[in-house]
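Coordinate inspection notes
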Amino acid sequence: MGQVCAMRYTLCPMLNQKKIIVGVCGSIAAYKTASLVRLLIKAGAEVKVVMTPDAKAFITPLTLATLSKNPVNVDYFEADTGLWTNHVALGLWADLIIIAPATANTLAKLSNGICDNLLSAVYLSARCPVYLVPAMDLDMWKHPATQKNILSLQTNGNLLIPPTEGELASGLNGQGRMAEPEAIFEVLLAKLSKRKPLKTKRALVTAGPTFEPIDPVRFIGNHSSGKTGFAIAEELADLGASVTLISGPVNLQLQNNSIARIDVNTAAEMLAEVKKYFHESDIMVMSAAVADYTISDPAERKIKKSEKQFDLKLSKTVDILELLGQQKKAGQLLVGFALETDQEEENAMNKLRRKNLDFIVLNSLRDAGAGFKGNQNKITIIDKDFNKQVFDLKLKTDVAADICRKILELI
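Below you will find a few notes about this structure. (Residues numbered from 1 in each chain as written. Predicted model: local features only at pLDDT ≥ 70, side-chain atom pairs only at ≥ 80, totals over all residues. Heavy atoms only, no water.)

1. Some details on a nonpolar patch on the surface
To keep things clear, this is the line we draw: The patches reported here contain residues having more than 30% relative accessible area and no salt bridge. Joining distances are 9 Å for like charges and 5 Å for nonpolar side chains (Val, Leu, Ile, Met, Phe, Trp, Tyr). Accessible surface is estimated by sampling points in the Shrake-Rupley manner with a 1.4 Å probe; for residues, cover comes only from the protein chains shown. In what follows, salt bridge is the name for a side-chain nitrogen of Lys or Arg lying within 4 Å of a carboxyl oxygen of Asp or Glu. A run of H or I in DSSP becomes a helix once it reaches four residues, and a run of E becomes a strand once it reaches two; helices and strands are each numbered from the N terminus.
A cluster of nonpolar side chains, Tyr293, Phe310, Leu312 and Leu314, forms an exposed patch at the surface whose accessible area comes to about 390 Å². Among the structural elements, Phe310 can be located in the loop between β14 (293-295) and β15 (314-316).

Next comes the structure, spelled out in structure tokens:
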């Protein structure tokens, strides 16, 4: 279907009436953007172009305005009229954003939230998928700073269409050429036409830590970032599921607006919300690091530092995963997680059996580069028949995809 649309320049159901922002940065590869815009328009998309000021040195706004059939936006204010270009409205208008070419400079800005031009402001205002199509010289692409920015952007949910190898403007040969417009077009079609095998399913995902109050100021918590849980929620939604995400205190945002997010703080609050949605869910992925113990009698006022030693009385919390395992019905799929420091597989298998899980995701704090706070993890999936799948260290977004593939196998 994608090849037919691209080669014959016909309307494509996946792109027809899609609202697309094409961002253009200051690179010699900007000339390719004209062809990309033309392909999108021929496919039936509505396209608005946002250029960085430097991009005007490589391709004229008039060219892109003519092809897109819309005025091109470059500055916050129009010099002639003094009218303000509403970057927030642009960001919210778009169904997707494609930044092609994306320079090393722009990637660094987007990665670090630097908002000094209209394109970066639109990016920070957007709630839709963002495709990044880099173009730069070989050494700039390979530089650790650029690779760090790329990793950060992917971790935040942006989609990368990597540069290809070939002759570069510098005369060098290597990776750095912006992907060809037809290739970009095909990636979009493949993503948008992705099967929705879970479109009739409801999924419940928990993520992040819980904070158990000691007094109004202090709490007991853990280092869970919630990144894996959020990535799983995004992947399940992308596969068509209706997703409810219950999250402890984290500093993360969702890319998919269809996901219903509920924020909680304590284990008791998470339990109460899980109970509301458990019975109507087909898929339950309990990735939250829920506290095993809570303070028996939290103080109503801040506790002053007056004693050399201070004892806390703790009470065991309800084991949410075990409770769901006891109550789950035929047709419900329950996934748990095990973070271990010793006897990893043995402990994970015991948990799998004891809590009546369909499979468990094991990760170890002893694996270098994996764990709570980072962007990568290394997991082993063990199913209820004790079959094991061991995965390499990879981005948590890719870990989420592996977990969801296992869910699809069982569904």
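From this point, the discussion proceeds with the structure in view.
2. Focus on the environment of Lys142
When you line up the elements, Lys142 lands in helix α7 (residues 138-142). Once the C-alpha coordinates of Lys142 and Thr52 are considered, the two residues, 90 residues apart in sequence, prove to be 23 Å apart.

3. Some words on the nonpolar core
So the rule is basically this: Nine residue types can take part in a nonpolar core, namely buried Ala, Val, Leu, Ile, Met, Phe, Trp, Tyr and Cys, and a core is a set of them joined through side-chain atoms within 4.5 Å. Summary of the burial criterion: residues with accessible area below 20% of their type's maximum are buried, those above 50% are exposed, and those between are partly exposed, where the area comes from a 1.4 Å probe applied to protein chains only.
Val24, Leu40, Val49, Met51, Leu64, Ile98 and Ile184 are the most contacted members of the largest nonpolar core, which has 37 residues in total. The set of elements that each furnish at least two residues to this core consists of β1 (19-24), α2 (31-42), β2 (46-51), β3 (96-102), β4 (130-134) and α9 (181-192). Looking at this core, the element that brings in the most residues is α2, giving 6 residues. One finds Ala207, Val285, Val335 and Ile403 within the second-largest nonpolar core, a separate group that totals 33 residues.

4. So, the sheet that holds strand β20 (residues 388-390)
Sheets are built from strands paired through backbone hydrogen bonds, the pairs being either parallel or antiparallel. What counts, and what does not: Whether two strands pair comes down to DSSP finding at least two bridges between them. Throughout, an axis means a line fitted to C-alpha atoms (over the contacting stretch in the case of helices), and angles, computed between N-to-C directions, take values from 0 to 180 degrees. In this analysis, two residues are considered to be in contact whenever any of their non-hydrogen atoms come within 4.5 Å of each other.
With mixed pairing, the 8 strands of this open sheet are ordered in space as β12-β11-β8-β13-β16-β17-β19-β20. The open sheet is flanked by β12 (260-263) and β20, the only strands paired with a single partner. Here the strands of the sheet are splayed against their neighbours by 15 degrees on average, with no regard to which way each runs. Inspection of the sheet shows strand β11 (residues 242-247) paired to β12 by 4 bridges, in the parallel sense. Across the sheet, the residue bridging to Thr244 is Ala260, located in β12. Against the sheet, helix α13 (residues 344-354) contacts β16 (333-340), β17 (359-364), β19 (380-383) and β20, and its axis sits at roughly 155 degrees relative to β17. Strands in contact with helix α14 (residues 396-410) are β13 (283-286), β16, β17, β19 and β20; relative to β17, the strand with the most contacts, it is inclined by about 160 degrees.

5. What about helix α12 (residues 320-327)?
This is how it is decided: N or O atoms within 3.5 Å of each other form a polar contact, as long as, within protein, one can give a hydrogen and the other can take it, and as long as residues adjacent in sequence are counted only when both atoms are side-chain atoms.
Three or more residues of α12 are buried, namely Ile320, Leu321, Leu323, Leu324 and Gly325. Considering only its buried residues, α12 is in contact with α11 (267-278), β13, β16 and α13. Where α12 starts, the residue carrying a side-chain oxygen 3.2 Å from the main-chain nitrogen of Leu321 turns out to be Asp319.

6. Focus: the packing of aromatic side chains
Quick reminder of the rule: Between the rings of Phe, Tyr and Trp (Trp by its six-membered ring), a pair exists once the centres lie within 6.5 Å; its type follows the angle of the planes, with under 30 degrees stacked, over 60 edge-to-face, and the other angles tilted. Only lysine NZ and arginine CZ atoms are considered, and such an atom sits over a ring when it is within 6 Å of the ring centre and within 35 degrees of the ring normal.
For the structure shown, the criterion picks out 1 aromatic pair. Note on Phe211 and Phe219: the rings are 3.9 Å apart at their centroids and 15 degrees apart in plane angle, and the pair reads as stacked. For the cation-ring pair, Lys48 lies above Trp93, with the distance from its terminal atom to the ring centre recorded as 4.4 Å.

7. Notes on the pairing of β19
The alternating pattern of β19 places Thr380 and Ile382 and Ile381 and Asp383 on opposite faces, both of which are buried. Bridge count for β17 against β19 is 4 bridges, and the pairing is antiparallel. Across the sheet, residue Val361 finds its bridge partner in β19, namely Ile381. Inspection of the sheet shows β19 paired to β20 by 3 bridges, in the antiparallel sense. What sits directly across from Thr380, in β20, is Val390. The antiparallel hairpin formed by β19 and β20 contains 4 residues in its connecting segment, where Phe386 sits at a positive phi of about 65 degrees.

8. Digging into the pairing of strand β8 (residues 202-207)
Across the 6 residues of β8, 5 count as buried, placing the element largely inside the fold. Taken together, the 6 bridges between β8 and β11 define a ladder with parallel strand orientation. Directly across from Leu204, in β11, lies its bridge partner Thr244. Note: β8 against β13, 4 bridges, orientation parallel. Paired with Leu204 across the two strands is Met284, which belongs to β13.

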